[in-house]
Amino acid sequence: MKRRFIAACAVAAALSAAVTGCTQDGGGQGAAAPGRHTDVNGPAAELGHADELRISDAEQRLVKQCMNRRGFPFSEHRPLTLEESRPVGYVQDDADWAREHGYGSRIEAKSDWARRHNRNLVHRNGLSAERRALYDTALDGGRDATVLTVEVPGGGGTIRGRTGGCVGEAQKQLYGDQKAWFRAEKAALNLRPLYVADLLRDQQFGKAVKAWAACMARAGHPYRDPEAAREGARRTARDLPPDRAFAVEKRIATADALCARDASLRAVGRQRQTHYIGTLRAEYREALDTHRRLQRNALARAEEIVGPRA
C-alpha cells in the first residue's frame, strides 16, 4: 500500500503545474515543472520552476544579509544550474534533456554531495555549543521561536514550523504575512493524497499509460509504466561500470520521454488532474487563492533582489 501511495504521488508530482508536496505525514515537498503553466486549480497562471527558484534564491539572499548583520557568516546555497535543478517527475517528455541527463542520477549525486558539504552546515557544526545556540536563534529563532501549526488536508497529520530569526524575517519581506503564507502553502502542498488514487484509476490516464507502454515495447523497453522504466534503469546500473550504466539510463530515459510525448501522457494527465483537483477546490478555495496571491507577490519582490538562476 505504501509503495502504491508513493507511486501515485509521483504521478501527481510530475503532472502538477503547482509546487505541491506528497507525504503520508504531510511533511514532504515536491517541485514544479519548468516554465509557467496553466494553473490546475483555476484560471490564473501558477509560477513555474524558474520562478520558484528565483524566490528561493531571494530568500537565501535575504537570510544571508540578515545573518551577516547579526555577526554570522552565511553562504547562498546554489549547487545546481537551472537546467540541472528542473524536477524529473513520473512523466518526463523532454527528450533532449533525457539524452543529456538520463533520469538525473548524476545530478542527484551532485546535489547530495553539495547538501552534505553545505558550508553553512559545516560552519554550524564547527561552533561551540553556546555559539551554535546563538547561531540557531539568529537563523530561525531557535528553541524559543513561535511555532505555527496547520492541519494537513484530509486529516493527514499536523505540520509545524518555526517563525523567527532571519528565515522568518526573509519570509515576511517576501510574502508579507508569514502566518498566512505558512498555512496556505502547507494546505496547497498537501492536496495530492486526496486525489492521486482516483487519478491512477482514471480510465483516460490509464489508456495513455498503455499507449506509452506499447510505444516503449516497440522501442525494445517492455515496461508497464514510467516508474517501472526508471526502476529498470536503476537495476541495470547496479551491475555495470558507471559510464555504461549512465549510457543505459540515458537510452531508457530518452525512449521514455519520446513515448510520453507520442502518447500525450503529460497532457492527458494534467487534464485529468485538473478534473480531480476541481472537485476539491470548493473546500480549499481560500487556501489555494491565498497561496497563489502571496506566491506571486513574493516573485515580484524576488525580482528586485536577485536575477534568474543561470
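Here the structure is a predicted model, which is why all the values come from computation and not from measurement.

About the thresholds
Residues numbered from 1 in each chain as written. Predicted model: local features only at pLDDT ≥ 70, side-chain atom pairs only at ≥ 80, totals over all residues. Heavy atoms only, no water. Axes fitted to C-alpha atoms, helices over the stretch in contact; angles between N-to-C directions. Helix = DSSP H or I, 4+ residues; strand = E, 2+ residues; numbered from the N terminus. Parallel < 35°, antiparallel > 145°, perpendicular 65-115°, else oblique. Contact = heavy atoms within 4.5 Å. Nonpolar A, V, L, I, M, F, W, Y, C, P; charged D, E, K, R; others polar. Core = buried A, V, L, I, M, F, W, Y, C linked by side-chain atoms within 4.5 Å. Buried < 20%, exposed > 50% of the residue type's maximum accessible area, 1.4 Å probe, protein only. Phe/Tyr/Trp six-rings, centres within 6.5 Å; stacked < 30°, edge-to-face > 60°.

Peer 1: Would you explain the packing of helix 7 (residues 129-140) against helix 8 (residues 165-175) in this entry?
Peer 2: Two quantities define a packed helix pair, namely the angle between the axes and the distance from one axis to the other. Contact pair helix 7 / helix 8: the axes reach a minimum separation of 1 Å and the direction vectors enclose 10°. Here helix 7 lies roughly parallel to helix 8, going by the angle between them. Contacts between helix 7 and helix 8 pair Thr-137, Ala-138, Leu-139 and Asp-140 from the former with Gly-165, Cys-166 and Val-167 from the latter. Tallied by class, the residues present in the contact of helix 7 with helix 8 amount to four nonpolar, two polar and one charged.

Peer 1: What's the story with the nonpolar core in this structure? I'm lost.
Peer 2: Nonpolar side chains in soluble globular proteins generally cluster together in the buried interior. Within the largest apolar cluster, 35 residues are counted, with the highest numbers of intra-cluster contacts made by Tyr-195, Trp-212, Met-216, Tyr-223, Ala-229, Ile-252 and Leu-265. Elements represented by at least two residues in this core include exactly helix 4 (95-101), helix 10 (196-201), helix 11 (203-218), helix 12 (226-237), helix 13 (242-262) and helix 14 (265-302). Excluding residues within four positions of it along the chain, Met-216 makes contact with His-221, Pro-222, Tyr-223, Ala-229, Ile-252, Ala-255, Asp-256 and Cys-259. One finds Leu-127, Leu-139, Leu-294 and Ala-302 within the second-largest nonpolar core, a separate group that totals 23 residues.

Peer 1: Explanation requested: the packing of aromatic side chains in the structure shown.
Peer 2: Centre-to-centre distance and the angle between the planes together describe a pair of aromatic rings. Per the stated rule, a full pass over the model turns up two aromatic pairs. Measuring from centroid to centroid gives 5.4 Å for Phe-72 and Tyr-135, while their planes differ by 85°, and the two rings are edge-to-face. Highlighted residues: Phe-72 in the loop between helix 2 (49-69) and helix 3 (82-85) and Tyr-135 in helix 7, separated in sequence by 63 residues. Each member of the pair, Phe-72 as well as Tyr-135, carries the same accessibility label: buried. Arranged with centres 3.9 Å apart and planes meeting at 10°, the rings of Tyr-175 and Trp-181 form a pair that is stacked. As far as burial versus exposure is concerned, Tyr-175 and Trp-181 are alike and both buried.

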